[in-house]
Amino acid sequence: MPVFCQLCWSAIVDTDGRIYIRNWQGGILSGGFEKNPKPIFTEGKNQLEIQNLQEDWDHFEPLLSSLLRRMPQLETLEIMKLVNCPETFTPDMRCIMGESPSVQGYFVLAGMNSAGLSFGGGAGKYLAEWMMHGYPSENVWELDLKRFGALQSSRTFLRHRVMEVMPLLYDLKVPRWDFQTGRQLRTSPLYDRLDAQGARWMEKHGFERPKYFVPPDKDLLALEQSKTFYKPDWFDIVESEVKCCKEAVCVIDMSSFTKFEITSTGDQALEILQYLFSNDLDVPVGHIVHTGMLNEGGGYENDCSIARLSKRSFFMISPTDQQVHCWAWLKKHMPQDSNLLLEDVTWKYTALNLIGPRAVDVLSELSYAPMTPDHFPSLFCKEMSVGYANGIRVMSMTHTGEPGFMLYIPIEYALHVYNEVMSVGQKYGIRNAGYYALRSLRIEKFFAFWGQDLNTLTTPLECGRESWVKLEKGMDFIGRDALLQQKQNGVYKRFTMFILDDHDTDLDLWPWWGEPIYRNGQYVGKTTSSAYSYTLERHVCLGFVHNFSEDTGEEQVVTTDFINRGEYEIDIAGHRFQAKAKLYPVASLVTHKRRKDDVELSDLHGK
């Protein structure tokens, strides 16, 4: 095949056949990612001991068949050599890089998932920046070593997970897909109870979390096999859960959230937290503060809520995947003081989110205490009795903007409290709900989540959180100088909400995240989160708007006027949909039953 081999082409990828083909020394080199990979070195052998394994033609046969199917003329050519070499894969198909959370100054770059040549230049650059300056110039959280914990280092876990990971490189991954191996590793005490009631599960940092609850009349098998970029089969299920959150009361198990306690014998805990966090934590006992843990550039290393339990004790709640990263950051910056204690109490507490207008009735009946805003104001924390259980940390917040309470329950009381809540709640229309409902609620309320909307390069001033920053709280904090400079110069991107106008939920492809944003026909950014709002009966996207110079392409200051005066479109798979841009949450002014075309939207300025 001399003519074919002389053609100028770099590579061919056949994802259906699971193979790639490329020119190589006047001939052809072909390989692939089989469905049944064979893990090796499970007994601790050094990879350097074996560079080339024995030929295994039986194992390679499916890939060879795909190659001959794609290029039948190859049957007349001679195969020079079958190369069988080891390759490294990680539990989530992304390489690992960054500083070790346990050994300061020890940096890692490994696990390239057979893409080392593609990633080498960029990964090397960012790691070099990390080593020299303490942070890379781009957000690389998805590659950060600290996204994993010790739980992902089990040999059995790795053996099973990499057998699933390798075939996925050539598989079509639809939105909200989940790994099937290494599951049920970390579970809430309520797992079996919720599973028996129809919970469908997703995994975050090894923790099982309910997505939604399948009613008894639904075809469970068909629902589990549904994979689409369009309207999903769980749409109606999540709608009913959202409706219950708004009209009655729902329970969401949120035990996976990272939970730390910081205590001291004197004022050390308050002093270090005031230095590490941007908001003022010197508040009365029982108050909750939403705040950010910032880096020197003013970007979010963590976004969390902190409750002051006593004068010298604080309870910190962070996103699930912050468990290793946040711990490492705190330990790195906390002084070596025997009078200052940091404890990871994630495993000690089951967290129930009681959402809805009737949540106050359920909790009042169970605690024999008034729970109205007059007696239990917003962002307040108090240890109470719920049912027979004492020491339940009740917090008046829900992470959604809806009324309700978070209950942090010592794990030995979890099942009792859950049973009591569900029993008493029956008269108020209580039901279980999952994280898909939570996602819809928080996005329509314009709530940003760390790891999705916020990252180490996002500052509070860029996402409308100025009120969560106390620049004049009486002491310096990490990131303060950068925020003062940004306040003076202006921001170069702005977190914005978009409501799609001409999008047909039933027929059009859905936005999921990462869609390009256009202002007056010019690209200005991309979405970071998307969800269908059952209240507005429209899709809502969140994302950052930039102001690129038409002449030089350089970033310019983004003002409120710049946002408000633009005409916006969201590009979904090549089709642009008109969208209204908002800098504040939106409320529907009409009943849900009116036609979408007749719905009017108005601004509801948030706090």
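Note that the coordinates shown come from a computational prediction; the quantities given were computed from them, not determined experimentally.

**Q** How should I be thinking about the UniProt feature "domain: Aminomethyltransferase C-terminal" (unreviewed entry) in the protein in this particular structure?
**A** Per the UniProt annotation, the sites labelled "domain: Aminomethyltransferase C-terminal" (unreviewed entry) are residues 493–581. Helix makes up 6% of residues 493–581 and strand makes up 55%, while its end C-alpha atoms are separated by 14 Å.

**Q** What exactly am I supposed to notice about the environment of Pro232 here?
**A** Here Pro232 shows up in the loop between helix H6 (220–225) and helix H7 (235–247). Looking at Pro232, the relative accessible area reads 7%, which means it is buried. Placed 278 residues apart in sequence, Pro232 and Trp510 show a C-alpha to C-alpha distance of 9.2 Å. Excluding residues within four positions of it along the chain, Pro232 makes contact with Trp510 and Trp512.

**Q** Explanation requested: the environment of Gln578 in the structure shown.
**A** Structurally, Gln578 can be placed in strand E25 (residues 575–582). Note on Gln578: relative accessible area 47%, which makes it partly exposed. For the pair formed by Gln578 and Glu241, sequence separation is 337 residues and the distance between their alpha carbons is 28 Å. With near-sequence residues (within four places) excluded, Gln578 lies in contact with Ile499, Leu500, Asp501, Asp502, Tyr568 and Glu569.

**Q** Can you help me understand the sheet that holds strand E2 (residues 19–24) in this one?
**A** Hydrogen bonding along the main chain pairs the strands of a sheet, whether they run parallel or antiparallel. One open sheet holds the three strands; their spatial order is E1-E2-E3, and the pairing between them is antiparallel. One side of each edge strand has no neighbouring strand; the edge strands of this open sheet are strand E1 (11–14) and strand E3 (27–32). The average undirected angle you get between the axes of adjacent strands in this sheet is 20 degrees. Of the pairings in the sheet, the one linking E2 to E3 comprises six bridges and is antiparallel in character. Counterpart to Trp24 in the pairing with E3 is Gly27. In this fold helix H2 (residues 57–70) packs onto E1, E2 and E3, with an angle of close to 70 degrees to the strand it touches most, E2.

**Q** Could you clarify how one ought to interpret the pattern of salt bridges in this entry?
**A** Note on pairing: side chains with opposite charge can pair once their charged atoms come close. Taken as a whole and assessed by the stated rule, the structure comprises 30 salt bridges. Between Glu402 and Lys246 there is a salt bridge, with its nearest N and O atoms 2.8 Å apart. Within this pair, whereas Glu402 is found in the loop between strand E16 (389–395) and strand E17 (404–410), its partner Lys246 is found in helix H7, the two being separated by 156 residues in sequence. For Lys246, a relative accessible area of 24% gives the class partly exposed. Taken together, the shared-partner salt bridges connect Lys246, Glu402, Glu444 and Lys445 into one network.

**Q** Explain H7 to me, please; I cannot follow it from the model alone.
**A** Owing to its 3.6 residues per turn, the α-helix aligns residues three or four sequence positions apart on the same side. Over its 13 residues, H7 runs 18 Å from end to end, which matches the ideal 18 Å to within 8%, given 1.5 Å per residue. When H7 is considered as a whole, its buried residues turn out to be Phe235, Ile237, Val238, Glu241, Val242, Cys244 and Cys245.

**Q** For this particular structure, what's the right way to read the packing of H7 against helix H12 (residues 435–444)?
**A** Packed helix pairs are characterised by how far apart their axes lie and by the angle those axes make with each other. Where H7 contacts H12, the axes come no closer than 9 Å and their chain directions differ by 60 degrees. Comparing their axes, H12 and H7 come out oblique. You can see that H7 and H12 cross each other, and the crossing is right-handed. Residues Val238, Glu241, Val242, Cys245 and Lys246 of H7 form the contact with H12, whose participating residues are Tyr436, Ala437, Ser440, Leu441 and Glu444. Across the contact of H7 with H12, the residue classes break down as six nonpolar, one polar and three charged.

**Q** Just checking my understanding: could you explain the side chain of Lys146 for this structure?
**A** Following the sequence through the fold, Lys146 ends up in the loop between helix H3 (116–133) and helix H4 (155–168). With near-sequence residues (within four places) excluded, Lys146 lies in contact with Glu99, Pro101, Trp130, Trp141, Val324, His325 and Ala328.

**Q** Looking at this model, I keep getting lost on the nonpolar core. Mind explaining?
**A** Soluble globular proteins tend to bury their nonpolar side chains together. Formed by 38 residues in total, the largest nonpolar core has its most connected members in Trp234, Val238, Phe315, Met395 and Tyr408. If you list the elements that add at least two residues to this core, you get H7, strand E8 (250–253), strand E12 (313–318), strand E14 (349–355), E17 and H12. With six residues, H7 is the largest single contributor of residues to this core. With 33 residues, the next largest nonpolar core counts Leu190, Phe213, Leu366 and Val417 among its residues.

Thresholds applied
- Residues numbered from 1 in each chain as written.
- Predicted model: local features only at pLDDT ≥ 70, side-chain atom pairs only at ≥ 80, totals over all residues.
- Heavy atoms only, no water.
- UniProt positions renumbered as here; feature names shortened; annotations may be inferred.
- Helix = DSSP H or I, 4+ residues; strand = E, 2+ residues; numbered from the N terminus.
- Buried < 20%, exposed > 50% of the residue type's maximum accessible area, 1.4 Å probe, protein only.
- Contact = heavy atoms within 4.5 Å.
- Pairing = 2+ DSSP bridges.
- Axes fitted to C-alpha atoms, helices over the stretch in contact; angles between N-to-C directions.
- Salt bridge = Lys/Arg side-chain N within 4 Å of Asp/Glu carboxyl O.
- Expected span 1.5 Å × (residues − 1).
- Parallel < 35°, antiparallel > 145°, perpendicular 65-115°, else oblique.
- Left-handed = near helix turned anticlockwise from the far one by under 90°.
- Nonpolar A, V, L, I, M, F, W, Y, C, P; charged D, E, K, R; others polar.
- Core = buried A, V, L, I, M, F, W, Y, C linked by side-chain atoms within 4.5 Å.

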